[in-house]
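An overview of the molecular structure
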Amino acid sequence: MKHLLSLESLPRQDIELLLQSAHRMKAERGRHSAHPLRHQCWGLIFSKSSTRTRVSFEVGIRELGGDVMFLSANDIQLGRGEPISDTARVLGRMLHGAVIRTFAQSDVEDFARLSGIPTINALTDAEHPCQILADLQTIEERLGDLSERVVTFVGDGACNVPVSWIWAAEHLGFELRIAAPKSFQPDPAILARLTSKKIHVTEELEAAAAGADVLYTDVWVSMGREEEAAFRQAQLAHYQIHPKLVSLAKPGALVMHCLPAYRGKEITAEVFEAHAETIFSQAENRLHAQKAILSWLVS
Ligand code: CP
Ligand code: NVA
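Read on for an overview of the structure. Just so it is clear, the model here is predicted, and its values are computed rather than measured. (Residues numbered from 1 in each chain as written. Chains lettered and ligands numbered in written order. Predicted model: local features only at pLDDT ≥ 70, side-chain atom pairs only at ≥ 80, totals over all residues. Heavy atoms only, no water.)

**Quick word on the overall build of the chain**
Scanning the chain from N- to C-terminus turns up 12 helices and nine strands. Its C-alpha radius of gyration of 19 Å places the chain within 12% of the 19 Å reference for a compact globule of 299 residues. Judged by the C-alpha coordinates and their principal axes, the chain covers about 55 × 45 × 35 Å. Residue burial in the chain is summarised as follows: out of 299 residues, 55% are buried. When contacts within the chain are restricted to residue pairs at least 6 apart in sequence, long-range pairs at least 24 apart make up 76% of them. Total accessible area computed for the chain in this model is approximately 12700 Å², and 51% of it derives from carbon and sulfur atoms. For the chain, the distance from the average site of its 31 positive side-chain charges to the average site of its 37 negative ones is 4 Å. (Helix = DSSP H or I, 4+ residues; strand = E, 2+ residues; numbered from the N terminus. Rg over C-alpha atoms; globule rule 2.2 N^0.38 Å. Buried < 20%, exposed > 50% of the residue type's maximum accessible area, 1.4 Å probe, protein only. Contact = heavy atoms within 4.5 Å. Areas by Shrake-Rupley, 256 points an atom, 1.4 Å probe, with all protein chains shown as cover. Lys, Arg positive; Asp, Glu negative; His and termini not counted. Charge placed at Lys NZ, Arg CZ, Asp CG, Glu CD.)

**Overview of the sheet that holds strand S4 (residues 119-121)**
Backbone hydrogen bonds are what pair the strands of a sheet, in a parallel or an antiparallel way. Ordered in space as S2-S1-S3-S4, the four strands form an open sheet in which the pairing is parallel. Each end of this open sheet is capped by a strand with a single partner; those strands are strand S2 (67-72) and S4. When the angles between neighbouring strand axes are averaged without regard to direction, this sheet yields 20°. As judged from the six bridges shared by strand S1 (residues 41-46) and S2, these two strands associate in the parallel manner. Bridge pairing in S2 links Gly-43 to Met-69. (Pairing = 2+ DSSP bridges. Axes fitted to C-alpha atoms, helices over the stretch in contact; angles between N-to-C directions.)

**Considering the environment of Glu-148**
Examined against the element boundaries, Glu-148 turns out to sit in the loop between helix H5 (129-143) and strand S5 (150-154). Expressed as a C-alpha distance, the spacing of Glu-148 and Gly-173, which sit 25 residues apart in the sequence, is 8.1 Å.

**Considerations on the site of ligand 2**
In the vicinity of ligand 2, the residues found are Leu-123, Cys-159, Asn-160, Asp-218, Val-219, Ser-222, Met-223 and Leu-259. Between a nitrogen atom of ligand 2 and a side-chain N or O atom of Asp-218, the distance comes to 2.7 Å. Between ligand 2 and Ser-222, the relevant distance is 2.7 Å, taken from a nitrogen atom to a side-chain nitrogen or oxygen of the residue. Bound to the protein, ligand 2 loses 95% of the 270 Å² it would expose on its own. Residues of the shell around ligand 2, tallied by class, amount to five nonpolar, two polar and one charged. (Near = heavy atom within 4 Å. Polar contact = N/O pair within 3.5 Å; in protein donor to acceptor, adjacent residues only side chain to side chain. Nonpolar A, V, L, I, M, F, W, Y, C, P; charged D, E, K, R; others polar.)

Function-wise, these values are silent; they only describe arrangement.
Following this line, the structure appears as structure tokens:
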């Protein structure tokens, strides 16, 4: 039984396979002869808001021949305190696969273990693996092979998105620089598990941006952290992608954002609009990458 629970646990060969498949899914959209989810019904169990992840999975599952059911955690008994372990054992007897967006990584892992059906992490506080697979696809489309490239993440370096970037860099061997203030740097326990010598964490924003092939950012206030908004905005104010920062990167560097974007916070409106084509291709590629993930899980 395969699951996609994190990039940490996804070996390099599988990442490469998924990227090849995502490119193929994009090229062949509307002309698929294989419908690997035929006669299957998948559930999307979401405890947090979503636009891109929800829609890309709903469309992707249908395009692969399956049926799909969106279950907001507030509408099922999970939201009233039914344990994830019971939810998993019930839904595992009815659904063919599950896509889960929640807070604790352990909930996705428990669900996968107890449900007995393929399970996908559609974002937890710890990781956002599906996002980074679509981002890697987007970079490959524009820059080709990634291995000698430099990706610089700017902003909240401790949240799910940069952590999944860390594991992508660890497995694929490209250089990753994370520019964040001390209190928003990745958990030292994660950094201690790395073998790559090409993953750097720094407070020096300008140095981290210098010569980069990709500048990447995410929201300063992740879902579930709303109460810390004022503190985060004050602490992270300097860690913004603005025109001067872009001018330090390699000429023609990509600027990327997983979305939703808050203009004037993690990115200026000017930079966002100048790089909207890349950013919305990232969003589009969520669909193609999800289809690659779904097909791989049931193969
Ligand atoms: N980037 C991303 O996961 O977007 P949603 O929260 O809209 O799904
Ligand atoms: N770090 C963000 C990602 C949103 C797609 C969050 O968790 O809210």
